[in-house]
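Take a look at the letters that make up each chain.
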Amino acid sequence: MKRVYLAADLADAQIALDWLNMRGIRAHVFNTHATGGLGELAATQIWPEVWVEDDEDAEQAIQLLKEIHAAEDAGSKRCPQCGEENPGNFLSCWHCGQALA
Ligand SMILES: [Zn+2]
């Protein structure tokens, strides 16, 4: 197991995880739940981490995650069917499944 990514939030971690899984890299997200007890860290102080199962996948995973952020920088797309905003690298709407141009 090797950590390849420190996500800003859970949605970010989930996108990274899906991105890797789609490309055949087995990965997991950790630190997704705050323990919530008194004196424990608040949820906002725990950033989800993405880990690859196989250490040999780590380098490729990091490259793939750079691509995801390059795609995000390209901006977002608005769904022509339901009007939801989608990350620029999405091929179909997360909300209704409409193919995005
Ligand atoms: Zn839509």
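Shown above is the structure to which this text applies.
For clarity, every value in this text was computed on a predicted model and none was experimentally measured. (Residues numbered from 1 in each chain as written. Predicted model: local features only at pLDDT ≥ 70, side-chain atom pairs only at ≥ 80, totals over all residues. Heavy atoms only, no water.)

Novice: Pulling in residues and values, what's your account of the nonpolar core?
Specialist: Ranked by size, the top nonpolar core spans 18 residues in total, and within it Val4, Tyr5, Leu20, Val50, Val52 and Leu65 carry the most contacts. Breaking this core down by element, the ones donating at least two residues are strand E1 (2-6), helix H1 (10-22), strand E2 (27-30), strand E3 (49-52) and helix H2 (58-73). Apart from the residues lying within four places of it in its own chain, the contact partners of Leu65 are Val4, Tyr5, Ala16, Trp19 and Leu20. (Core = buried A, V, L, I, M, F, W, Y, C linked by side-chain atoms within 4.5 Å. Buried < 20%, exposed > 50% of the residue type's maximum accessible area, 1.4 Å probe, protein only. Helix = DSSP H or I, 4+ residues; strand = E, 2+ residues; numbered from the N terminus. Contact = heavy atoms within 4.5 Å.)

Novice: With reference to specific residues and values, describe the sheet that holds E3.
Specialist: Taken in spatial order, the 3 strands make up an open sheet running E1-E3-E2, and their pairing is antiparallel. What marks the edges here is a single partner per strand, and that holds for E1 and E2. Pairwise comparison of adjacent strand axes, ignoring direction, gives a mean angle of 30° for this sheet. Two strands pair when backbone bridges link them, and E2 and E3 are joined in this way by 4 bridges, in the antiparallel orientation. Paired with Val29 across the two strands is Val50, which belongs to E3. (Pairing = 2+ DSSP bridges. Axes fitted to C-alpha atoms, helices over the stretch in contact; angles between N-to-C directions.)

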